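Observations on the model geometry
Single-letter residue listing:
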Amino acid sequence: MANVIVLGAGMAGVSLIDRTEPGLETSYGNAGIIQSEAVEPYAMPRDIATLLSIAIGTSNAVHYRPLTLPQHLNSLLSYWWNSAPARYRRISKAYASIIAQATAEHAPLIAEAQVEHLVRREGFRVLHRAQASMDKAVANAERLKAEYGVAFKALSPEEFAKAEPALVNPGAGAIHWLAPWTVRDPGTLTAAYGQLFQRLGGTLAHGDADSLQRTASGAWQVTAADGPIDAEHVVVALGPWSSQFLARFGYFFPMVRKRGYHRHYRAQGMLELPIMDDANSYVIAPMAKGLRITTGAELTGDEPNAMPIQLRRAEEAASTLLPLGAPVENRPWAGVRPCMPDMLPVIGAAPKHTGLWLHFGHGHQGFTLGPATARMLAELMTGETPYVPAEPFRPSRYA
Ligand SMILES: Cc1cc2nc3c(=O)[nH]c(=O)nc-3n(C[C@H](O)[C@H](O)[C@H](O)COP(=O)(O)OP(=O)(O)OC[C@H]3O[C@@H](n4cnc5c(N)ncnc54)[C@H](O)[C@@H]3O)c2cc1C
């Protein structure tokens, strides 16, 4: 195949041009779950009670600053429209088709990159603090099992406490999603995929993607630290920076920029598997650096908060489950989930330029989906029939 420049070395792009080393941005800071259970993407809530709790600031799932709302308005309206039940069902069918491939596409990369020691194949658990919430979750899990074959086990408080001996409060029990894989150092896994790419003959270059231009001969060119690189094809895999980058080429891809935070804690008793605390909308995961808490979605301005309210609330809630210990970092890490308003990633040819390919917008599950959608893109680029129908993800839906 012809030469290809891939811009961005997160999980979606682990490859050629990045301003830093692979896996140092969003693909570093996530909860590390390869979410084969996430067959339905995160819809925008449409029920009055949830919307009210977001509006008055009591929800820990979503936080916003009113003054910054106008900058999110267009994307949020489109997100709302796509979250209507009939549309959401159609979108979920497409989403489930790529989620179904996630672990199978990671598997050979994990083996060849020799990072088995970072991965556990035992799922993760969602804690429910109240019986009513647990009952609702069991009913929903039964539905997902019937519709999509998602495997789960409902754990009683006693079973949950036995599985996680460090917990002082197992609540009303947990849903154990059995099929997902969990990674104790997502940044290192992403970097290892980048190293594998180099071992297989790829080159990693440092440079600013904004230098991309078309040469007189029609090739794409970026300027890397060691000089210009030309290629017939270029892939934009710049995660949350993708829409802004593409504006220069006349494309408008609205993005719902959901910031999330994380921080590590030196807990005494480590968890076996990650836990999502449903009532408080955070994940606590055993990681190489300690217990990592990751937060829900923040819709605010360009700058992350020094001490975000969602993290403070998550710390308080997690402290009722187990002793967290002192924080490892002085300041929390922050990154942005690159969410498209229709909840589907953008995969395929850019409508107005030959040789320009798009691979971004993986939202809440980019760590899960990177390899699965990269295969789809590679098949589109080489003229093969994609192994999963690519039509729902085509970039021209935003043209
Ligand atoms: C708190 C949190 C928890 C999450 N938990 C999970 C989870 O458990 N499971 C899951 O599947 N997903 C999770 N996600 C989502 C997931 O992390 C993202 O969807 C995914 O990392 C996006 O990968 P990416 O490669 O598209 O973007 P990135 O990883 O951000 O990569 C983009 C790359 O582009 C580079 N770049 C940007 N601009 C330029 C430029 N001008 N020049 C050169 N390089 C540039 C950056 O340096 C970066 O390396 C979570 C996200 C957050 C924030």
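A brief report on the enclosed structure follows. Note that the structure is predicted; figures quoted are calculated from it, not measured.

**Things to note about the overall build of the protein chain**
For the protein chain, the helix and strand inventory stands at 11 helices and 22 strands. Relative to the compact-globule value of 21 Å for 399 residues, the protein chain shows a C-alpha radius of gyration of 21 Å, a close match. Projected onto its principal axes, the C-alpha coordinates of the protein chain cover approximately 65 × 45 × 45 Å. With the model as given, the accessible surface of the protein chain reaches about 17,300 Å², and the carbon-plus-sulfur share is 56%. Within the protein chain, one finds 35 positive and 35 negative side-chain charges whose respective centroids are separated by 4 Å.

**A word on the pairing of strand β14 (residues 233-236)**
Remark: a regular strand shows side chains that alternate across the two faces of the sheet. The alternating pattern of β14 places His-233 and Val-235 on one face and Val-234 and Val-236 on the opposite face, and all of these are buried. By the bridge criterion, 3 bridges tie β14 to strand β22 (residues 356-360) in an arrangement that is parallel. Within β22, the position partnered with Val-234 by the bridge is Leu-356.

**Considering empty space enclosed by the protein**
Taken as a whole and judged by the stated rule, the model has 1 cavity of 30 Å³ or more. Lining of the largest cavity is provided by 14 residues; of these, Tyr-42, Cys-339, Met-343, Gly-363 and His-364 occupy positions nearest its centre. Split into classes, the residues belonging to the lining of the largest cavity amount to 8 nonpolar, 5 polar and 1 charged.

**Things to note about the sheet that holds strand β12 (residues 220-224)**
Strand order in the open sheet formed by 3 strands is β11-β12-β13, and the pairing between neighbours is antiparallel. Of all the strands in the sheet, just β11 (213-214) and β13 (227-231) have a single pairing partner and so form its edges. Relative to β12, β11 runs antiparallel, the two being bridged by 2 bridges. Bridge assignment links Gln-213 to a residue of β12, and that residue is Gln-221.

**Observations regarding helix α3 (residues 73-82)**
Those residues of α3 not exposed but buried are Ser-75, Leu-76, Tyr-79 and Asn-82. Each buried residue of α3 lies within a common arc of 125 degrees when the element is viewed along its axis, so the set occupies one face. Facing away from the buried side of α3 by more than 90 degrees, the exposed set consists of Asn-74, Leu-77 and Trp-81. Looking at the buried residues of α3, the elements they touch are α4 (85-99), β15 (256-265) and β19 (297-299).

**A look at the nonpolar core**
Judged by nonpolar contacts, the single largest core of 49 residues is most densely connected at Ile-175, Trp-177, Met-376 and Phe-393. Every element with two or more residues in this core is listed here: β4 (62-64), α3, α4, β6 (124-127), α6 (131-148), β8 (174-177), β17 (282-287) and α11 (366-381). With 7 residues, α4 is the single largest residue contributor to this core. Membership of the second largest hydrophobic core comes to 23 residues, among which are Leu-238, Phe-245, Leu-246 and Leu-356.

**Observations concerning helix α10 (residues 309-319)**
By the burial criterion, the buried members of α10 are Gln-310, Leu-311, Ala-314, Glu-315, Ala-317 and Ala-318. Lining the buried residues of α10 we find β4, β15, β16 (275-277), β17, β18 (290-294) and β19.

**Describing the environment of Arg-199**
Take Arg-199: it is sitting in helix α8 (residues 186-199). Distance in space between the C-alpha atoms of Arg-199 and Ser-78 is 42 Å, their sequence separation being 121 residues.

**A word on the side chain of Asp-277**
Locating Asp-277 in the fold gives a position in strand β16. Here the side chain of Asp-277 touches Asn-280 through a polar contact of 3.0 Å, side chain to side chain. Here the side chain of Asp-277 touches Tyr-282 through a polar contact of 2.9 Å, side chain to side chain. Asp-277 has contacts with Leu-127, Arg-129, Tyr-282, Ala-317 and Leu-321, leaving out every residue within four places of it along the chain.

**As for the pattern of salt bridges**
As enumerated under the stated definition, the model contains 14 salt bridges in all. Note that Glu-272 is salt-bridged to Arg-120, the shortest N-O span being 3.3 Å. Here Arg-120 lies in strand β5 (residues 119-120) and Glu-272 lies in the loop between β15 and β16, a separation of 152 residues in the sequence. Residue class for Arg-120 comes out partly exposed when judged on its relative accessible area of 30%. Taken together, the shared-partner salt bridges connect Glu-40, Arg-143 and Glu-147 into one network.

**What to know about the pairing of β13**
Summarising the sheet, β12 and β13 pair through 5 bridges and their orientation is antiparallel. Residue Thr-223 lies in a different strand from β13, and its bridge partner there is Pro-228. The antiparallel hairpin formed by β12 and β13 contains 2 residues in its connecting segment.

Conventions and cut-offs
Residues numbered from 1 in each chain as written. Predicted model: local features only at pLDDT ≥ 70, side-chain atom pairs only at ≥ 80, totals over all residues. Heavy atoms only, no water. Helix = DSSP H or I, 4+ residues; strand = E, 2+ residues; numbered from the N terminus. Rg over C-alpha atoms; globule rule 2.2 N^0.38 Å. Areas by Shrake-Rupley, 256 points an atom, 1.4 Å probe, with all protein chains shown as cover. Lys, Arg positive; Asp, Glu negative; His and termini not counted. Charge placed at Lys NZ, Arg CZ, Asp CG, Glu CD. Buried < 20%, exposed > 50% of the residue type's maximum accessible area, 1.4 Å probe, protein only. Pairing = 2+ DSSP bridges. 1 Å grid on protein atoms, 1.4 Å probe; cavity = no way out; pocket = protein on both sides within 12 Å on 5 of 7 lines; lining within 4 Å. Points joined across faces, edges and corners; volume = space filled by probe spheres on them. Nonpolar A, V, L, I, M, F, W, Y, C, P; charged D, E, K, R; others polar. Arc of directions from axis to C-beta. Contact = heavy atoms within 4.5 Å. Core = buried A, V, L, I, M, F, W, Y, C linked by side-chain atoms within 4.5 Å. Polar contact = N/O pair within 3.5 Å; in protein donor to acceptor, adjacent residues only side chain to side chain. Salt bridge = Lys/Arg side-chain N within 4 Å of Asp/Glu carboxyl O.

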